[in-house]
Amino acid sequence: MDSWVNSAEILGSDLPLELSGTGNRRAVLMDALREAVRSGRLAPGTRLPPYRSLAADLGLARNTVADAYAELVAEGWLAARQGSGTRVAERAVPVTPVHRPRTPERAARPVHDLVQGQPDPSVFPRTAWLASARRALAAAPDDAFGPGDPHGRPELRRALAGYLARVRGVRAAPERIVLCSGAAHGLRLLAEVVGGPWAAEEYGLPFHRELLASHGVGTRPLGVDADGARVDGLTRRDRAVLLTPAHQFPTGGPLHPARRAAVVDWARATGGLVVEDDYDGEFRYDRQPVGAVQGLDPEHVVLVGSVSKSLSPALRIGWMVLPQRLVAPVVAAKGEREQFSSATEQLTLADFVESGAYDRQVRRMRQRHRRRRDQMVAALHARDPHVRVTGIAAGLHAVVELPPGTERSAVRAAARQGLAVEGLGDYLHPGAGRGPGAPGTPRAGAVGGVGAAGGAGSVRARAAGDTLVPQRDGLVVGYATPAESAYQEALDALCRSLPPVSPPVPAPPRPPAAP
């Protein structure tokens, strides 16, 4: 008896039943099963435990359960097939519709998606990732399956330290790297530890500004021009500055070398922190790689990165390369255990990086994105040879410049075409162009050598010249998102959404030269 009970307990599945009532145990069991089906607890098609397993769980004789199953099959409540076990019959009992409150209808999903920020999910390297997962799980130490260390798995931190040093010029030991669930999670932790206020580029992700504000950290805008953020606007009041130096988001272009040096000087002089969002630094096409600002001063710059653009946002793995003084406070802010990122996925990513599969994937995607970018530019120029497409030397998106006053109408026209795309104005800081936060306005208390005599003085000269990027109209077009088969149709919809082509205004005739 004990042997078959033990076997049934191991092999069966759970089905708790309340066997209330007196009389024949088979009849009581049948009533309990009928009620479970009638109430919807056992839905049509649900597989029941083997009769030996259920008998062991309920303390009944095997024949009692087997006979109950057979009679319910005869009555039509259950169905039994050879090799498929016993299941609830598909039409065991009419199901009373469950009343649910009406919810507002969702807007129709766009046919085409050119919203920036997400790679095509169909190109995720499933085979290579699965191979890494198998190797990682086979080699994983036992402690990987216990409560997680809030620093993150040491295997991944070591792999990232080597990779970021080689590819991005980052200077950090694995002990300086704290893993998180993505860039947003990293910013949330930094906001909690550093406090505010922060400065931020006047063009940037609204989600990041809202996230900081939700943690009591206000942001004020720094102007953006052709050389990136105008860091001459930083002051001693700013606790930190959030920048995208490798490829300003979303206008494009790297931070000028003089400004990179100047923002580090500001941080050293004031004790401020430079938060470097390295969101797509690996994807460049027509220029040499731009190293991370963190390499200039690891004690005053935090580099924040993730695999959201290079692999998939579904992995929820990011990292912060921190100054030594911030490691312990950030880990404390995360909590005593890792709650946000799976240890097994961290181990898989560590193997993916160490095996070279990550490099191969990035290079493959770089070629694919460059081809798509060229296809987009060609389609736009075929429609209008005078159209300007900027920010195309790197990244996963570009800005299609529009005539003044046409951005919102272009976004609405795109929606009518079934195309999801965003306007450049959607990314503009709400305080840009107003009061002391306006670009081009000198800020009281500017420090750190920015605008002063000496090497960093050229920053103000460049910012005050003709390179200022005015608040302008445009579309931010993400060319990485659509599937290959849908990309050309998305580009056609984009071209149909643009304002009518206007011929270029001829230059006024020159006056005749004086005799």
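My aim in this report is to walk through the structure given alongside it, one point at a time. Everything numeric in this text was worked out from a predicted model, so none of it was measured.

Cut-offs used in this document
- Residues numbered from 1 in each chain as written.
- Predicted model: local features only at pLDDT ≥ 70, side-chain atom pairs only at ≥ 80, totals over all residues.
- Heavy atoms only, no water.
- Pairing = 2+ DSSP bridges.
- Helix = DSSP H or I, 4+ residues; strand = E, 2+ residues; numbered from the N terminus.
- Axes fitted to C-alpha atoms, helices over the stretch in contact; angles between N-to-C directions.
- Parallel < 35°, antiparallel > 145°, perpendicular 65-115°, else oblique.
- Contact = heavy atoms within 4.5 Å.
- Nonpolar A, V, L, I, M, F, W, Y, C, P; charged D, E, K, R; others polar.
- Phe/Tyr/Trp six-rings, centres within 6.5 Å; stacked < 30°, edge-to-face > 60°.
- Buried < 20%, exposed > 50% of the residue type's maximum accessible area, 1.4 Å probe, protein only.
- Lys NZ or Arg CZ within 6 Å of the ring centre and 35° of its normal.
- 1 Å grid on protein atoms, 1.4 Å probe; cavity = no way out; pocket = protein on both sides within 12 Å on 5 of 7 lines; lining within 4 Å.
- Points joined across faces, edges and corners; volume = space filled by probe spheres on them.

**Concerning the sheet that holds strand E17 (residues 474–478)**
Reasoning step 1: Strand order in the open sheet formed by four strands is E13-E14-E17-E16, with antiparallel pairing between adjacent strands. Every other strand in the sheet has two partners, leaving strand E13 (389–390) and strand E16 (422–423) as the edge strands with one partner each.
Reasoning step 2: Where E16 lies against E17, two bridges are found, and the strand directions are antiparallel. Bridging from a neighbouring strand, Glu 422 pairs with Val 476 of E17.

**Notes on the packing of helix H7 (residues 183–194) against helix H10 (residues 324–334)**
Reasoning step 1: Their axes nearest at 9 Å, the elements H7 and H10 cross at an angle of 110 degrees. Relative to H10, the element H7 is oriented roughly perpendicular. Residues His 185, Leu 189, Leu 190, Glu 192 and Val 193 of H7 lie in contact with H10, whose contacting residues are Leu 326, Pro 329, Val 330, Ala 333 and Lys 334.
Reasoning step 2: Each residue belonging to the contact of H7 with H10 can be placed in one class, and the counts come to seven nonpolar, one polar and two charged.

**Focus on the packing of aromatic side chains**
The relation between two aromatic rings is expressed through the spacing of the ring centres and the mutual angle of the planes.
Reasoning step 1: Counted under the stated rule, the structure contains six aromatic pairs.
Reasoning step 2: Ring centres of Phe 249 and Tyr 279 lie 5.5 Å apart, and the angle between their planes is 85 degrees; this geometry places the pair in the edge-to-face category. Within this pair, whereas Phe 249 is found in the loop between strand E9 (240–243) and helix H9 (257–270), its partner Tyr 279 is found in the loop between strand E10 (273–277) and strand E11 (301–306), the two being separated by 30 residues in sequence. Of the two residues examined, Phe 249 and Tyr 279, each falls in the buried class.
Reasoning step 3: Ring geometry for Phe 249 and Tyr 427: centres 5.3 Å apart, planes at 85 degrees, overall edge-to-face. Of this pair, Phe 249 sits in the loop between E9 and H9 while Tyr 427 sits in the loop between E16 and helix H14 (458–463); the two residues are 178 residues apart in sequence, bridging distant segments of the chain.
Reasoning step 4: Residue classification places Phe 249 among the buried positions, given a relative accessible area of 5%.
Reasoning step 5: Above the plane of the ring of Tyr 487 lies Arg 372, whose end atom (NZ or CZ) is 4.5 Å from the centre.

**Quick word on empty space enclosed by the protein**
One simple way to see leftover space: roll a probe sized like a water molecule over the atoms.
Reasoning step 1: Following the criterion strictly, the structure yields four cavities of 30 Å³ or more and no others.
Reasoning step 2: What the largest cavity holds in volume is close to 110 Å³.
Reasoning step 3: Together, 14 residues line the largest cavity, and Asp 278, Gly 281, Glu 282, Ser 306 and Trp 319 are the ones closest to its centre.
Reasoning step 4: For the lining of the largest cavity, the secondary-structure elements that each account for two or more residues are helix H6 (154–168) and E11.
Reasoning step 5: Broken down by element, the lining of the largest cavity gets its largest block of residues, three residues, from H6.
Reasoning step 6: Looking at the lining of the largest cavity residue by residue, the classes come out as five nonpolar, four polar and five charged.

**Quick look at the sheet that holds strand E5 (residues 198–201)**
Reasoning step 1: The seven strands lie next to each other as E4-E12-E11-E10-E9-E5-E6, forming an open sheet whose pairing is mixed. Both outer strands of the open sheet, strand E4 (177–180) and strand E6 (219–222), are each paired with one neighbouring strand and no more. On average, each strand axis in the sheet is inclined to that of its neighbour by 25 degrees, with strand direction left out of account.
Reasoning step 2: As paired strands, E11 and strand E12 (residues 318–321) are joined by four bridges and run antiparallel to one another. Within E12, the position partnered with Val 304 by the bridge is Met 320.

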